[in-house]
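Descriptive analysis of the structure
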Amino acid sequence: MTLLRKTIQELAPLIQSKWLSPVELVQECLERIEETEPAVNAYITVLGEQALRAAAQAEREIMHGQYRGVLHGIPYSAKDLYCTKGIRTTAGSQILSAHVPDYNAAVIDRLNQAGAILVGKNNLHEFAYGTTSENTYFGPCRNPWNTGMIPGGSSGGSAVSVSVSSSLFSLGTDTGGSIRIPAALCGVTGIKPTYGRVSKRGVIPLSWSLDHAGPLAKSVWDTAAVLAGIAGYDPGDPTSANLHVPDYTHFLEAEGQAALKGMTIGICPDYYSDILHPEIDQAFRQVVRWFEDNGARVREIAYPSRETFGVRSIVLMAEAYTYHASYLETCAEQYGSSVRRRLEKGQYIPASAYIDAQRLRQQDQREWAAIYREIDLFISPTTVVPAFPIGESTIAVGGEAVDPRIQATLTIITSLANFNGYPAISLPCGLTAGRLPVGFQIQGRPFDEGRVFQAAYLYEQAHPHRSAVPPESA
Amino acid sequence: MDANTLRCITTGIYERKIDPVLEAYLPQYAGEISAVLNKMRDISREFSSDLEPGPVFSVQQINDERN
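Residues numbered from 1 in each chain as written. Chains lettered and ligands numbered in written order. Predicted model: local features only at pLDDT ≥ 70, side-chain atom pairs only at ≥ 80, totals over all residues.

On to the overall build of chain A, then. From N to C terminus, chain A includes 15 helices and 13 strands. In terms of overall size, chain A behaves like a compact globule, its C-alpha atoms giving a radius of gyration of 21 Å where 474 residues would be expected to give roughly 23 Å. For chain A, the spread of C-alpha atoms along the principal axes amounts to about 60 × 60 × 45 Å. Across the 474 residues in chain A, those meeting the buried criterion constitute 59%. Across chain A, the fraction of contacts at a sequence separation of at least 24, relative to all contacts at a separation of at least 6, is 77%. (Helix = DSSP H or I, 4+ residues; strand = E, 2+ residues; numbered from the N terminus. Rg over C-alpha atoms; globule rule 2.2 N^0.38 Å. Buried ≥ 20, exposed ≤ 12 C-beta atoms within 10 Å, placed from the backbone. Contact = placed C-beta atoms within 7 Å.)

A negative phi angle characterises most non-glycine residues, just as the trans form characterises most peptide bonds. All names here are of chain A. For the bond from Gly153 to Ser154, the omega torsion is 10°, close enough to zero to count as cis. Residue Pro304 is bonded to the preceding Tyr303 through a cis peptide linkage, with omega at 0°. Positive phi values are uncommon outside glycine, yet Ala91 reaches one of about 55°. With respect to the helices, strands and loops of the structure, Ala91 is situated in the loop between β2 (75–79) and α5 (106–113).

Moving on to the environment of Leu260 of chain A. Residue and element names in this part refer to chain A. You can see Leu260 is positioned in the loop between α9 (249–252) and β7 (264–267). Taking the C-alpha atoms as reference, Leu260 lies 5.6 Å from Gly295; in sequence the two are 35 residues apart. With sequence-adjacent residues up to four places away left out, Leu260 is seen in contact with Phe291, Asn294, Gly295, Ala296 and Leu458.

Val107, Ile117, Val119, Ile314 and Ala456 of chain A are the most contacted members of the largest nonpolar core, which totals 154 residues. Leaving out residues up to four positions away in the same chain, Ile314 of chain A has contacts with Ile349, Ala353, Tyr354 and Ala357 of chain A together with Val36 and Met40 of chain B. (Core = buried A, V, L, I, M, F, W, Y, C linked by C-beta atoms within 7 Å.)

Our focus in this paragraph is the packing of helix α11 (residues 309–331) of chain A against helix α2 (residues 20–44) of chain B. Between α11 of chain A and α2 of chain B, whose axes approach to 9 Å, the crossing angle comes to 105°. Overall, the two elements α11 of chain A and α2 of chain B adopt an arrangement that is roughly perpendicular. Here Gly310, Val311 and Ile314 of chain A of α11 of chain A come into contact with α2 of chain B, specifically with Val36, Lys39, Met40 and Ile43 of chain B. Looking at side-chain class alone, the contact of α11 of chain A with α2 of chain B contains five nonpolar, one polar and one charged residues. (Axes fitted to C-alpha atoms, helices over the stretch in contact; angles between N-to-C directions. Parallel < 35°, antiparallel > 145°, perpendicular 65-115°, else oblique. Nonpolar A, V, L, I, M, F, W, Y, C, P; charged D, E, K, R; others polar.)

Counting residues at the interface gives 27 residues for chain B, matched by 30 residues for chain A. Secondary structure elements with two or more residues in the side of chain B that touches chain A: α1 (3–13), α2 and α3 (59–66) of chain B. Of the residues forming the side of chain B that touches chain A, the biggest block, 11 residues, is contributed by α2 of chain B. Tallied by class, residues from the side of chain B that touches chain A come to 18 nonpolar, three polar and six charged.

Another point: helix α10 (residues 278–293) of chain A. Residue and element names in this part refer to chain A. Helix length check: α10 (16 residues) gives 22 Å between terminal C-alpha atoms against 22 Å at 1.5 Å per residue, within 8%. Along α10, the residues classified as buried are Ile280, Ala283, Phe284, Val287 and Phe291. Each buried residue of α10 lies within a common arc of 95° when the element is viewed along its axis, so the set occupies one face. When the buried face of α10 is taken as reference, the exposed residues oriented beyond 90 degrees from it are Pro278, Arg285, Gln286, Arg289 and Asp293. Packing partners of the buried residues in α10 comprise β7, β8 (297–300), β9 (377–381), β12 (424–431) and β13 (437–443). Where α10 ends, the next residue or the one after it, Gly295, has phi of about 105°, a positive value. (Expected span 1.5 Å × (residues − 1). Arc of directions from axis to C-beta.)

Two faces make up the sheet, and in a regular strand the side chains alternate between them. Residues and elements named next belong to chain A. Among the five residues of β2, five are classified as buried, and the element is accordingly described as predominantly covered. Relative to strand β3 (residues 117–122), β2 runs parallel, the two being bridged by five bridges. Residue pairing in the sheet places Ala78 in a bridge with Lys121 of β3. Chirality of the crossover, the property in question, places the unit of β2, α5 and β3 among those that are right-handed. The pairing of β2 with strand β4 (residues 169–174) spans three bridges and is classified as parallel. Its bridge partner being in β4, Tyr76 is matched across the sheet by Phe169. (Pairing = 2+ DSSP bridges. Right-handed = clockwise from strand over helix to strand, strands pointing away.)

Below, the discussion takes up the pairing of β3 of chain A. Residues and elements named next belong to chain A. β3 sits mainly inside the fold: six of its six residues count as buried. When strand β1 (residues 43–46) meets β3, the two strands line up antiparallel, connected through three bridges. Bridged to Tyr43 within β3 is Asn122.

Residues and elements named next belong to chain A. Pairing within the open sheet is mixed, and its 11 strands lie in the order β1-β3-β2-β4-β6-β5-β12-β13-β9-β7-β8. The open sheet terminates on both sides in strands that have one partner only, identified here as β1 and β8. Put simply, the sheet's adjacent strands are angled 30° from each other on average, direction ignored. Across two bridges, strand β5 (residues 189–192) lies against strand β6 (residues 212–217) in antiparallel orientation. Opposite Thr189, over in β6, you have Ala217 as the bridge partner. Strand contacts of helix α15 (residues 449–461): β9, β12 and β13, with the helix running at about 10° to β12, the strand carrying the most contacts.

Below, the discussion takes up helix α6 (residues 156–163) of chain A. One turn of an α-helix holds 3.6 residues; hence residues three or four places apart share an orientation. Residue and element names in this part refer to chain A. Of all eight residues in α6, eight are buried; the element is thus mostly enclosed. Residues of α6 that are buried: Gly156, Gly157, Ser158, Ala159, Val160, Ser161, Val162 and Ser163. Positive backbone phi, approximately 65°, marks Ser165, located one or two places after α6.

Bringing the confidence of the model for chain B into the picture now. Of the residues in chain B, 81% reach a pLDDT of 70 or more, and the chain-wide mean stands at 84. In the predicted assembly, ipTM is 0.84 and pTM is 0.96. (pLDDT = per-residue confidence, 0-100.)

Take a look at the structure:
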């Protein structure tokens, strides 16, 4: 397990210098999966022999001087929405339980070219339509900090596998917060990049205009390195942006602490303060104070209003129903009940409401563009509540009992960056008294992931949260 | 909007059969959808007539803002 406690930043030089073999690393990873899976259920498919063959190939290449870069020989996992050639891709659903694609998602191909080693496909909330990863067909994914709790979702298995070190990074997707929410609840780092930054070709969709693909990892450096490896134009994805991809790791130490001096950071406490869990409130206040103490100017902004939260979901409901319409017609009984309930609602959204929601989006774009003329970054708590028990029928949010499977609670803050498409990272900022992770989020301008990573890295380096490991990692 | 309206949409527009699982949730959906659509209508009344539905954003828009 010792090797897996290290980050990609620490392991890559060992692999490049031939001190460490990818075979040894992948073997340890597969043993770690076997050790942790009974407790956390982070994987739907594990690729034992295939991963070891790929590791042996990586070792041969490196021994012959053909080192491909920092991801060469690094074991990773992928949310089971990413199509993988010849490997079943289930979307966490009985409906696709035997689905074996004959092609790779574009991002999987990029990681193959980078020499990264796929060790398995992660468990998730069925078809990504939920935030708890309580999967009725493959079993619930469990939070390694307390296995009676949800890990968040929908990329629950991705966050859990990174948290327990049964993969060194994972690919997730984010439609309303599905990378950042499990990252926050499991104490790891995850970024939803700018819309169009990472190709979604070959990723089973939930909502086309809200879906984003992105990585989760143990540290900001690792997350930046993976994003640099997977981002970039893909002519096969009509939403892909044809813009240069920098090496994001170069931004991290570019100016040191001086980068924060003079930076203006926006916060919007009015949006969430009446429903924010007190321990998350306390942790986030300390984050704000840290940025202020280190030279940033923090200013309150009056946007957005939570009034628009419900209507923003019109886009998601209509698009998700449209994708699933034929499955609902032919095999509706194979869905988990809460996912089916959410999907069916989408058929009742009239076209004019969907178009009005997209007009709201245009208006929202203008508001954020104006705000970012006054600020550099926007920060917030990632979620309004920490992890809660698996199977809990209702949870308290702002004094009200809500069913988190039906009423969006965990996505209240994160969904803002899906609606506007701006990049947003979640990283750990503490633990509750019950030792459940708390995360905060940094949102930047479109395609300005470098500045987002820079601020996140400076915070991370100044705080020991990264070194805390969950009991299942002991 | 009531459950019967939704039932007609499912069977008449989508030509699907209503199964008991879906039928049981129609009154709840009617209330929830109605609330969301009413809110959207209230908000859209304040839109200027030239406000178009946009893509998430366009690269050209980003380049313009950077310049």
